[in-house]
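Below, each chain spelled out in residue letters.
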Amino acid sequence: MPSLFSKALNGVSVKHCKNTANSAAVRMPVPDKVVIPMIQHMGAPCEPLVKVKDTVTVGQLLGDTDAFLSAPIHSSVSGTVTAIEEFITPGGDKCKSVVITTDKLQTPCPDLAPPVVNSREDLIKAVRACGLVGLGGAGFPTHIKLNPKNLADVDTLVINGAECEPFITCDMRLMLERTASIVDGIKVVMKYLELTSCVIGIESNKPEAIAAMTEAVSGMENVRVLTMKALYPRGAEKVIIYEATGRVVEEGKLPADAGVIAMNVATISKLADYLKTGMPLVEKMLTVDGGAVAEPKNIIAPIGTAIKDMIAFCGGYKSEPKKLLMGGPMMGISVYSDDFPLLKNNNAILAFDEAQCRPVKESACIRCGRCLRACPFDLAPAAMDKAYHMGNVDKLRELKVNLCMECGCCSYVCPAHRELAMYNKLGKRLLREAK
Amino acid sequence: MSNLKVIAPAPHFRSGENTSSIMLSVVAALIPAVVISFLVFGPRALLLEAVCVVASVFFEYLFRVLMCGRDNTIWDCSAIVTGLLLAFNLPVGIPLWMAVLGCAVAIIVTKQLFGGIGQNFANPAIVGRIFLLVSFGGRMTTWAAPNGYFGVDAVSGATPLAILKNPELGLKPLPDMLNMLLGIRGGSVGETCIVALLIGGVYLIWKKVITATTPVVFLATIAVLSLCFGLNPAYELVAGGAVLGAFFMATDYATSPVTESGKVIFALGCGIITMLIRAFASYPEGVSFSILLMNILTPHIDNLTRKKPFGGVVK
């Protein structure tokens, strides 16, 4: 915990819009076709290991690579590979994707078996085989996160159940429905990584989840539930680490350098499930919501399911969708088509209607200082906006644009509607190119 | 359905606040003082305020759209605020053409020539007022006698600060403290009623348009320094333009520091310069000069008080 006298990190009070908080996750039927891109994580893309016309089963390895920063990708359905084609990710990267026509039988891969874990090495091997990545949104390969160079210095596990993005409720549902898995995952990670304490951070707007988790860990020593103020972005990694431990992850450093490993509730529960069943990461619990969706709810869908199939399962569109988001409204990426498939690190699909995406016109900065007061990291977004537009790389470096996590608080509060978060992103690119 | 969707950068949620809503909050905060100016100085006060607002908006449109062919910014409502604040800083009897000239200096010279809203280095209304003061010193210091709210108990037309500054002139006695708070005294149109200005100022703080830092530090500095200089702090606070300046002029976004620590330095400087002028210089009032001088220092204060980023490492 930060000391009583240290400064609280800024943020913004966003409307929560947790419309689906009471919607228990429903497993959707297998779609006719899935598209499984070969990059669904931070790092290098996988190479497809299957050919067109191959028959695949659920959990079968579809793609892998020798690259250090990567995670293998598995088939989420059983069926036949009908194409291996170019795919453009919502972020603009190109990679290959495996298109599978499903047979609806969901035959599990015969090779699957629960892994035998007796040591930390076994655990890390198992986590890689699971294809597990950070399910909170970043998609950082979990086996790398669990294998820091300075493991001896790491003593704390921070479990992220903040879910600070508006609309999204799947992590909260997970904490209610899969409480035991989360606790099992915590036990395994703490045991094999020899961690001495664990903090589960949850925003105060989810009292049921706080109650469920508190009860579940009541008998456990060194595990506690931290109720955080519902102030976006409490779920950002550096923010929740600071809230939970008072430690600051410094520029260019990893959480492990601050003695912390931070994992999302969805990641840790999947880890526990994999150790029990041996079924890799092939499906995802997510929230489908937005003004254009007829029946918003939490669903469990196979990875690679098209947005339109998921929305059809949620009653289809009730009005013309103007904007489709993968992720929450603060950091989600807008995509141009509902043909995009579900990726490992997606935790929401939002279809906004006309009223939810009125275009805003940028005007001149009035120097009101709202962005400064909103930025969790005390950066100066307006100054970086100016420096970016003048192409002043030295100034951008001095202002530490590289520390921006693109949480969007600055753009959210800007009365001149300036796209400050986007300029920070572009400024970071400018800085990288100049190096 | 069509597959063409709106593609936009995150975040896809906005607070709903915009420049014009902020400016209209400031206008709303000035309304109590507008009402009192009518009660104290009669309908001409309203006429002066209306002329300044219309002229400021007109000059904004004239320069921005007709002369430069740039975007029309009158709907951000900042020109309304400038016009109203300039009118508040003028004596009620000033010829209207002078007021219009002041608006031209404020909007065209001070604001638009430097790039428009947010770009000006000095507060437009203050520059407009100082321009008129140095150009037409006589008319700018000819104070009409105020009425009571219902046309009774009128007091001296001279401003209380002028009375305090020049006791040898044998000007009329000072209005009592109640009249000072209610605004029944000589002075600029909008500066006299402390109660109305405080209502507006507290409203702005409550609406989070401004923070309390600048006005509190500004006024506290005046109070402390007036004690040091052997002056009556109560009169120094309410008898001039300090309250109007502290809440509405020194808090101007474009021309005051953005960080809270910067605002402390800025307001401290404003208070010190104000009291130095009042105590030792030939002008009875120093609020507008002090704010103008601190406006010039604002970029440096901003650079000095920039916050250290969270987790930032000095390389």
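The rules behind the values
Residues numbered from 1 in each chain as written. Chains lettered and ligands numbered in written order. Predicted model: local features only at pLDDT ≥ 70, side-chain atom pairs only at ≥ 80, totals over all residues. Helix = DSSP H or I, 4+ residues; strand = E, 2+ residues; numbered from the N terminus. Rg over C-alpha atoms; globule rule 2.2 N^0.38 Å. Buried ≥ 20, exposed ≤ 12 C-beta atoms within 10 Å, placed from the backbone. Contact = placed C-beta atoms within 7 Å. Domains from an automatic or database assignment. Pairing = 2+ DSSP bridges. Axes fitted to C-alpha atoms, helices over the stretch in contact; angles between N-to-C directions. Parallel < 35°, antiparallel > 145°, perpendicular 65-115°, else oblique. Left-handed = near helix turned anticlockwise from the far one by under 90°. Nonpolar A, V, L, I, M, F, W, Y, C, P; charged D, E, K, R; others polar. pLDDT = per-residue confidence, 0-100.

### Section: the overall build of chain A
Then comes step 1: Counting its regular elements, chain A contains 13 helices and 17 strands.
Then comes step 2: Its C-alpha radius of gyration of 21 Å places chain A within 12% of the 22 Å reference for a compact globule of 435 residues.
Then comes step 3: Overall, chain A is about 60 × 50 × 45 Å in size when its C-alpha atoms are taken along their principal axes.
Then comes step 4: Among the 435 residues that make up chain A, the fraction classed as buried is 55%.
Then comes step 5: Sequence separation of at least 24 residues holds for 72% of the intrachain contacts in chain A that already meet a minimum separation of 6.

### Re the overall build of chain B
Then comes step 1: Across its full length, chain B carries 14 helices and zero strands.
Then comes step 2: Along chain B, from the amino end to the carboxyl end, the secondary structure elements read α-α-α-α-α-α-α-α-α-α-α-α-α-α.
Then comes step 3: A globule of 315 residues ought to have a C-alpha radius of gyration of about 20 Å, and chain B, at 21 Å, matches this closely.
Then comes step 4: Seen along its three principal axes, the alpha-carbon backbone of chain B occupies a region of about 80 × 50 × 35 Å.
Then comes step 5: A burial count over chain B gives 51% of its 315 residues as buried.

### Focus on the domain arrangement of chain B
Accessible area lost upon the coming together of the parts is a frequently used measure of interface size.
Residue and element names in this part refer to chain B.
Then comes step 1: Looking at chain B, the domain boundaries give domain 1 (19-145 + 173-204) and domain 2 (210-302).
Then comes step 2: The straight-line distance from the C-alpha centre of domain 1 to that of domain 2 is 18 Å.
Then comes step 3: Contacts between domain 1 and domain 2 engage 27 residues on the former and 20 residues on the latter.
Then comes step 4: Elements supplying a minimum of two residues to the side of domain 1 that touches domain 2: α3 (78-88), α5 (124-135), α8 (177-182) and α9 (194-206).

### Things to note about the pairing of strand β8 (residues 94-102) of chain A
Residues and elements named next belong to chain A.
Then comes step 1: In terms of strand pairing, strand β2 (residues 33-37) meets β8 through five bridges, oriented antiparallel. When the sheet's bridge partners are listed, Val35 is paired in β8 with Val99.
Then comes step 2: The pairing of strand β7 (residues 79-88) with β8 spans nine bridges and is antiparallel. Bridge pairing in β8 places Ala83 opposite Val99.

### Notes on the packing of helix α3 (residues 170-177) of chain A against helix α7 (residues 265-277) of chain A
All names here are of chain A.
Then comes step 1: Two elements in contact, α3 and α7, have axes separated by 9 Å at closest approach and are oriented at 40 degrees. With respect to each other, α3 and α7 are oriented oblique. In the packing of α3 onto α7, the handedness of the crossing is left-handed. On α7, the residues that touch Asp171, Leu174 and Met175 of α3 are Val265, Ala266 and Ser269.

### Focus: unusual backbone geometry
Residue and element names in this part refer to chain A.
Then comes step 1: The residue after Tyr232, namely Pro233, is reached through a cis peptide bond having omega -5 degrees.
Then comes step 2: In this fold, Pro233 is placed in the loop between β11 (223-228) and α6 (237-245).
Then comes step 3: Despite not being glycine, Glu194 has its phi angle at roughly 55 degrees, a positive value.
Then comes step 4: Positionally, Glu194 belongs in the loop between α4 (179-192) and β10 (197-203).

### Digging into the environment of Ile222 of chain B
Then comes step 1: Relative to the elements of secondary structure, Ile222 of chain B occurs in helix α10 (residues 213-228).
Then comes step 2: Along the backbone, Ile222 of chain B and Cys270 of chain B are 48 residues apart, and their C-alpha atoms lie at a distance of 8.8 Å.

### Some words on the domain arrangement of chain A
Residue and element names in this part refer to chain A.
Then comes step 1: The assigned domain composition of chain A is domain 1 (26-112 + 280-356), domain 2 (120-277) and domain 3 (370-434).
Then comes step 2: The partner domain 3 presents five residues to the six residues of domain 2 that form the contact.
Then comes step 3: A breakdown of the residues in the side of domain 2 that touches domain 3 according to their chemical character gives four nonpolar, no polar and two charged.

### A word on the interface of chain B and chain A
Then comes step 1: Residue-level contacts link 34 residues of chain B with 51 residues of chain A.
Then comes step 2: Partitioned by chemical class, the residues of the side of chain B that touches chain A number 17 nonpolar, 10 polar and seven charged.

### Structural notes on the sheet that holds strand β17 (residues 348-352) of chain A
Picture the strands of a sheet paired through backbone hydrogen bonds; they go either parallel or antiparallel.
All names here are of chain A.
Then comes step 1: One open sheet accounts for six strands, arranged β1-β14-β13-β17-β15-β16; its pairing is mixed. Pairing within the sheet leaves two strands with one partner each, and these edge strands are β1 (26-27) and β16 (333-335).
Then comes step 2: Lying on the sheet, α3 is in contact with β13 (283-289) and β14 (297-302); it crosses β13 at an angle near 125 degrees.

### Looking at the pairing of β7 of chain A
Then comes step 1: Direction of pairing for strand β4 (residues 55-56) of chain A relative to β7 of chain A: antiparallel, over a ladder of two bridges. Bridging across to β7 of chain A, Val56 of chain A finds its partner in Gly79 of chain A.

### Let's talk about the packing of helix α1 (residues 19-41) of chain B against α3 of chain B
Residue and element names in this part refer to chain B.
Then comes step 1: Direction vectors running N to C along α1 and α3 enclose 25 degrees, while the axes themselves pass 9 Å from each other. It follows that α1 is roughly parallel to α3 by the angle criterion. Judged by the sense of rotation from one axis to the other, the crossing of α1 with α3 is left-handed. Contacts between α1 and α3 involve Met23, Val26, Val27, Leu30 and Ala33 on the former and, on the latter, Ser78, Ile80, Val81, Leu84 and Phe88.
Then comes step 2: Tallied by class, the residues present in the contact of α1 with α3 amount to nine nonpolar, one polar and no charged.

### Topic: the sheet that holds strand β9 (residues 156-161) of chain A
Residue and element names in this part refer to chain A.
Then comes step 1: Taken in spatial order, the four strands make up an open sheet running β11-β10-β9-β12, and their pairing is parallel. If you trace the sheet from one side to the other, it starts and ends with β11 and β12 (260-264), each paired once. Mean inter-strand twist for the sheet, computed between neighbouring axes without regard to direction, equals 25 degrees.
Then comes step 2: Looking at chain direction, β9 and β10 are connected through six bridges and run parallel. Each bridged residue has a counterpart across the sheet, and for Gly161 the counterpart in β10 is Ile202.

### Focus on the confidence of the model for chain A
Then comes step 1: Of the residues in chain A, 99% reach a pLDDT of 70 or more, and the chain-wide mean stands at 92.
Then comes step 2: Taking the mean pLDDT of every element in chain A, the minimum, 91, falls on β16 of chain A and the maximum, 96, on β10 of chain A.

### Focus: the confidence of the model for chain B
Residues and elements named next belong to chain B.
Then comes step 1: Per-residue confidence for chain B gives a mean pLDDT of 90; residues scoring 70 or more make up 93%.
Then comes step 2: Mean pLDDT values for the elements of chain B range from 76 in helix α7 (residues 160-165) up to 97 in α3.
Then comes step 3: Predicted complex, confidence summary: ipTM 0.89, pTM 0.91.

### Overview of the environment of Val335 of chain A
Residues and elements named next belong to chain A.
Then comes step 1: Structurally, Val335 is set in strand β16.
Then comes step 2: Residue classification places Val335 among the partly exposed residues on the basis of 18 C-beta atoms within 10 Å.
Then comes step 3: Val335 sits 282 residues away from Lys53 along the chain, and the two C-alpha atoms are 30 Å apart.
Then comes step 4: Sequence-distant contacts of Val335, that is, excluding residues within four places in its chain, are made with Pro90, Leu324, Met326 and Phe340.

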